[in-house]
Amino acid sequence: MEEELLFRLLFIGMYGIFATIRVYFRSQTLGRESEEERSLMDAPTIFLSIVIVGYFATIFIYLLLPDWIFWAHFDYSILIRWSGVVLGSLSIGLLVWTHRTLGRQYAARLEIQQDHKLIESGPYARVRHPMYVIFILFSLAVALISANWLILILAILIAIPFHWISQNEDQMLIGQFGDEYLDYMKRTGRFLPQIRRKD
Ligand code: SAH
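The rules we used
Residues numbered from 1 in each chain as written. Predicted model: local features only at pLDDT ≥ 70, side-chain atom pairs only at ≥ 80, totals over all residues. Heavy atoms only, no water. Near = heavy atom within 4 Å. Polar contact = N/O pair within 3.5 Å; in protein donor to acceptor, adjacent residues only side chain to side chain. 1 Å grid on protein atoms, 1.4 Å probe; cavity = no way out; pocket = protein on both sides within 12 Å on 5 of 7 lines; lining within 4 Å. Sits in = over half its atoms within 2 Å of the grid points. Nonpolar A, V, L, I, M, F, W, Y, C, P; charged D, E, K, R; others polar. Salt bridge = Lys/Arg side-chain N within 4 Å of Asp/Glu carboxyl O. Helix = DSSP H or I, 4+ residues; strand = E, 2+ residues; numbered from the N terminus. Buried < 20%, exposed > 50% of the residue type's maximum accessible area, 1.4 Å probe, protein only. Phe/Tyr/Trp six-rings, centres within 6.5 Å; stacked < 30°, edge-to-face > 60°.

Caption draft 1: Spotlight on the site of the ligand. Close contacts around the ligand come from 21 residues, with E111, H116, Y124, H129 and E169 the closest. A distance of 3.0 Å is found between an oxygen atom of the ligand and a backbone nitrogen or oxygen belonging to R109. M131 places a polar main-chain atom, nitrogen or oxygen, 2.9 Å from an oxygen atom of the ligand. Applying the majority rule of atoms within 2 Å of the grid points places the ligand in the largest pocket. Residues that form the shell around the ligand fall into these classes: 13 nonpolar, 3 polar and 5 charged.

Caption draft 2: Spotlight on the pattern of salt bridges. Going through the model one piece at a time under the given rule, you end up with 9 salt bridges. Residues R8 and E4 are paired through a salt bridge, measuring 3.8 Å at the closest nitrogen-oxygen approach. Taken together, the residues R8 and E4, both in helix α1 (residues 3–27) and 4 residues apart, mark about one turn of the helix. Assigned by exposure class, R8 and E4 land together as buried. E111 serves as the salt-bridge partner of R109, at 3.8 Å between the closest nitrogen and oxygen.

Caption draft 3: The packing of aromatic side chains, seen in detail. Evaluated as defined, the whole model comprises 14 aromatic pairs. Summarising the aromatic geometry, the rings of Y15 and F138 are spaced 5.2 Å apart at their centres and angled 85° between planes, so their arrangement reads as edge-to-face. A residue pair is termed long-range when its members are at least 10 positions apart, and Y15 in helix α1 and F138 in helix α4 (residues 130–146) qualify at 123 residues. When the centroid spacing of 6.2 Å and the interplanar angle of 45° are considered together, the rings of Y132 and F135 count as tilted. Here F135 and Y132 lie together in helix α4, a separation of 3 residues that amounts to about one turn. In this structure, Y132 and F135 share a single accessibility class: buried.

This is how it looks when you write it as structure tokens:
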């Protein structure tokens, strides 16, 4: 099979699996009343929404009109493209683990549910925002598969607002759980596990 076509099919397959998992876990939250919701009109969320629209528009062009976007093709080793497949598969496994651990505490926006419990197990034992890390890793993985630098730049732009979104989320959870969350923050890293414990 032609190499470009193979990687395009891998790209579609990975996105298909990732999106199906997200839709499944999102569907579990439908019709649920939350106790507290944060506005989605803050600057990081608006920035993220705009970048995501540009990102998916680029992906549609990459998949449906590849000649239009071939100018952004990056000619690198096929091993880098395969490493994207490995990283993408790893992200999919981690996504399922994270969703199963967070359970009914999960929401597509910053919310506190009725009987919201603080989750400190599984990936949350070491890292406070594993799902955001997975989004970033997955978008980098598919960018590597695509070998398209426009998709890569947009994937990097997607990562930036998570810095503020995770800060807002920590503030909201401090408001809900107080010292329990502050203790949890001392034991964990925001995106990566702590190397040394903060005491
Ligand atoms: N930022 C987390 C969760 C994303 S889902 C991650 O990247 O994995 C967003 C929802 O998760 C928010 O509405 C928040 O209320 C909830 N949440 C985040 N961390 C939590 C935790 N440790 N325990 C319980 N709920 C949490």
